[in-house]
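# A structural walkthrough
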Amino acid sequence: MIHAAVIELLELLIILFALAYPLGLLIARLVQGDSRSLNLFWPLENALYRITGIDPDHEMDWKEYALHLMIFSVTGAIALYALLRVQGSHPLNPQHRPDVPSDLAFNIAMSFVTNTNWQSYVGETTLSYLTQMLGLTVQNFLSAASGMAVLFALVRGFTRLNTSRIGNFWVDLTRANLYVLLPLAILLSVLLISQGVVQSLTPDQPLKTLECFHSTVGRSDGYRDCPEGCLNAQIIPLGPVASQIAIKQLGTNGGGYFHANSAHPFENPTPLSNFLELLSILLLPAALCFTFGSLVGDLRQGMVIVGSMTLVFGGLALVEIWTEQRGNPALSQLGLDARANLSQSGGNMEGKETRFGIIASALWAIATTAGSNGSVNSMLDSFTPIGGLLPMGLMQVGEVIFGGVGSGLYSMLVFAMIAVFIAGLMIGRTPEYLGKKIEAFEMKMAALVILIPAILILMGTAVSVMVEPGRSAVGNPGPHGFSEILYAFSSAASNNGSAFAGITSLTPYYNLVLGVTMFIARLGGAIPVLAIAGHLALKKTSPAGAGTLSTDNGLFLVLLIAIVLITGALTFIPALVLGPVVEHLLLFRETHSSS
């Protein structure tokens, strides 16, 4: 089966880069302002500037850029919170969904504004069509575009000289939506609809089941009135699903219209739709690496970044597939190992869709946590201990292995600056990256980018295992329960949104604590990056010399991977030992003891 896994992984990567390379170069032209000749949306962009009073020629320094980002985020959160709190009076609410409770509305607002899309509720029974479209889908576009805007500002910091200006937040936000996200989302929506993904404003439909038919035999009205009077009638949820699924994947938002997420047949009905959604999670993060290389005038710089991401992604994907195909030894002893009955699947099939099997489920688990997406097509809580550790670890290293749209690359560039700084210390030379000197201020800001989510994860987990509201929501005792709490805070602080799902997070405690965590983590990562951009833009470019560390070759690629993995390991191995590592050892010890 490992041969099939390698083939499927290679197919994914080949198609990914065949699409990402030209897309990345196209985005680079748009960032440079060449939008009139490339897109029919230019008149709409110009009209938006006139309506909103935005001066597209006004450039901001990093403080003004950060202020507008904060205003935008807070305003979006307030607007979404208000929309949720008055949901009962919405139009496009054929199921008459009531107002969303205040603590849940706060959590949803923080979640979608920060590109996290953590969901502690059942979407198809909690939210109206208007909320799903005007609230969640719109924020999927805006939060993804804000991450791209911060990235564009950082790239300008590398390319500009002796200036404090790093662009205009509103222009970057507008162009990211109009020229990148919107066209791609329309295309993907059409493809998903062709595969059977639902897109409708029709109210939920009752399904007249066979049991319902038998219960009405002999009635004069027969089968026609069955749904109103038969307890066996099944309600089929509908809604504007395809449009939301497209942007949730392309924008690395995650979440889902239905509670079962991408395991639901109305969200992900076929192997082709599964591949398209999986591909779309990684597409823009990969493309933006080529955008970066093009903008800095050296494509090799972008290729080193995306190469480091791909090597880690591919390696962990193969390990994830192997550990899930290895299976659960406890089930093997009971004769329930899938390998005994499903030779083409093998291993641990618990919590996985038989439509997709282990390989597609394991690939998705790695992609969704590497890509800061958070959608799932299987139940991560049912993975083996090591199978759960790898997605958790990908989030804890900062989701820089592809990462979120914009946020993944700007976080990886922070690690690149740390790598050249450490290399500079080793050879006794002032470190430089892309010709800009990396000095104390840049390192302080880089430390904040790494430490803020780490502190939020570890402190949030520690507090939650000590207080009753945190412990009482956990349904599993021992190390697995600890893993569920650790995973929840890793997901929130990394703006991912996926969950082990064994934890009952629909409580006031977790709604509030995780909501605050998501908001602090998002801005706590973006604002220091903007500060770095502003300070880099003020500097002149230093010419490369004999002692300059080359950052466009395989040596730097290996160094960058090492810095990312070592930083994550030193920070989180003690916590991981208490959770999935202990669970893995206990599982195999008990199995060997009983045998």
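It should be emphasised that the depicted structure is a prediction, and the values quoted were computed from it without experimental measurement. (Residues numbered from 1 in each chain as written. Predicted model: local features only at pLDDT ≥ 70, side-chain atom pairs only at ≥ 80, totals over all residues. Heavy atoms only, no water.)

We now examine the overall build of the chain. Looking only at helices and strands, the chain features 21 helices and four strands. In summary, the chain has a C-alpha radius of gyration of 24 Å against a globular reference of 25 Å for 595 residues, a match within 12%. Expressed as lengths along the three principal axes of its C-alpha atoms, the size of the chain is roughly 90 × 65 × 45 Å. Relative to its 595 residues, the chain shows a buried fraction of 59%. Accessible surface for the chain amounts to roughly 23000 Å². Of this, 67% is attributable to carbon and sulfur atoms. In the chain, which carries 28 positive and 36 negative side-chain charges, the distance between the mean positions of the two groups comes to 8 Å. (Helix = DSSP H or I, 4+ residues; strand = E, 2+ residues; numbered from the N terminus. Rg over C-alpha atoms; globule rule 2.2 N^0.38 Å. Buried < 20%, exposed > 50% of the residue type's maximum accessible area, 1.4 Å probe, protein only. Areas by Shrake-Rupley, 256 points an atom, 1.4 Å probe, with all protein chains shown as cover. Lys, Arg positive; Asp, Glu negative; His and termini not counted. Charge placed at Lys NZ, Arg CZ, Asp CG, Glu CD.)

A separate point is empty space enclosed by the protein. Sizing a probe to match a water molecule and rolling it over the atoms shows the empty space that remains. Inspection of the entire model under this criterion finds five cavities of 30 Å³ or more. In this structure, the largest cavity encloses a volume near 400 Å³. What lines the largest cavity is a set of 29 residues, and nearest its centre among them are G398, S411, V449, P453 and A493. Residue assignment for the lining of the largest cavity shows that the elements contributing at least two residues are α15 (385-396), α16 (407-427), α17 (440-466), α20 (508-537) and α21 (554-594). (1 Å grid on protein atoms, 1.4 Å probe; cavity = no way out; pocket = protein on both sides within 12 Å on 5 of 7 lines; lining within 4 Å. Points joined across faces, edges and corners; volume = space filled by probe spheres on them.)

Turning to its location among the elements, L288 is positioned in helix α11 (residues 271-295). According to the relative accessible area criterion, L288 is buried, its value standing at 1%. Residues L288 and I27, 261 residues apart in the sequence, show an inter-C-alpha distance of 7.6 Å. Non-local contacts of L288, meaning those with residues more than four positions away in its chain, are made with I27, M148, L151, F152, V405, G406 and L409. (Contact = heavy atoms within 4.5 Å.)

This part covers unusual backbone geometry. Positioned with a positive phi, N115 is a non-glycine residue whose angle comes to about 65°. Position of N115 relative to the elements: it lies in the loop between α4 (102-113) and α5 (123-126). Under the relative-accessibility criterion, N115 is labelled buried at 2%. Notably, T252 is not glycine yet its phi reads approximately 45°, a positive angle.

If you trace the backbone, S407 turns up in helix α16. According to the relative accessible area criterion, S407 is buried, its value standing at 10%. Filtering out sequence-adjacent residues up to four positions away, S407 remains in contact with G147 and R522.

As a further point, take α11. In an α-helix, one turn spans 3.6 residues; hence positions three or four apart end up facing the same way. Helix length check: α11 (25 residues) gives 36 Å between terminal C-alpha atoms against 36 Å at 1.5 Å per residue, within 8%. Where α11 bends most, at L283, the angle is about 35°, and the proline P285 comes one to four residues later. Taking burial as the measure, the 25 residues of α11 include 21 buried ones, the bulk of the element. A positive phi of about 80° marks G297, the residue just after α11. (Expected span 1.5 Å × (residues − 1). Bend = angle between axes of the 7 residues up to and from the residue.)

We now examine helix α10 (residues 241-250). Of all 10 residues making up α10, nine are buried, and the element is well covered by its neighbours. Of all the residues in α10, the buried ones are V241, A242, Q244, I245, A246, I247, K248, Q249 and L250. Considering only its buried residues, α10 is in contact with α6 (129-159), α7 (169-194), α11 and α14 (357-370). Phi turns positive, to about 45°, at T252, one or two residues after α10.

Within a pair of aromatic rings, the relevant descriptors are the distance that separates the centres and the angle that separates the planes. Taken as a whole and assessed by the stated rule, the structure comprises 15 aromatic pairs. Between the aromatic rings of F158 and F292, the centroid separation amounts to 6.5 Å while the plane-to-plane angle is 75°, which identifies the pairing as edge-to-face. Here F292 lies in helix α11 and F158 lies in helix α6, a separation of 134 residues in the sequence. Accessibility expressed as a relative area gives 4% for F158, which makes it buried. Relative accessible area serves as the criterion here: at 1%, F292 is assigned to the buried category. Both rings, one in Y509 and one in Y510, keep their centres 5.0 Å apart while their planes meet at 85°; by these two values the pair is edge-to-face. The pair Y509 / Y510 is uniform in exposure class, with both members buried. (Phe/Tyr/Trp six-rings, centres within 6.5 Å; stacked < 30°, edge-to-face > 60°.)

Bringing the confidence of the model for the chain into the picture now. Scored by pLDDT, the chain comes out at a mean of 88, with 91% of its residues at no less than 70. Contacts of residues 338-345 to residues separated by more than four positions or lying in other chains number 14 contacts, the stretch itself having pLDDT below 50. (pLDDT = per-residue confidence, 0-100.)

Before going further, it helps to spend a moment on the pattern of salt bridges. Per the counting criterion, the structure on display carries 13 salt bridges. For the salt bridge of E267 with K248, the shortest nitrogen-to-oxygen distance reads 3.0 Å. In this pair, E267 sits in the loop between α10 and α11 while K248 sits in helix α10, placing the two residues 19 residues apart along the sequence. For E267, a relative accessible area of 0% gives the class buried. According to the relative accessible area criterion, K248 is buried, its value standing at 1%. (Salt bridge = Lys/Arg side-chain N within 4 Å of Asp/Glu carboxyl O.)

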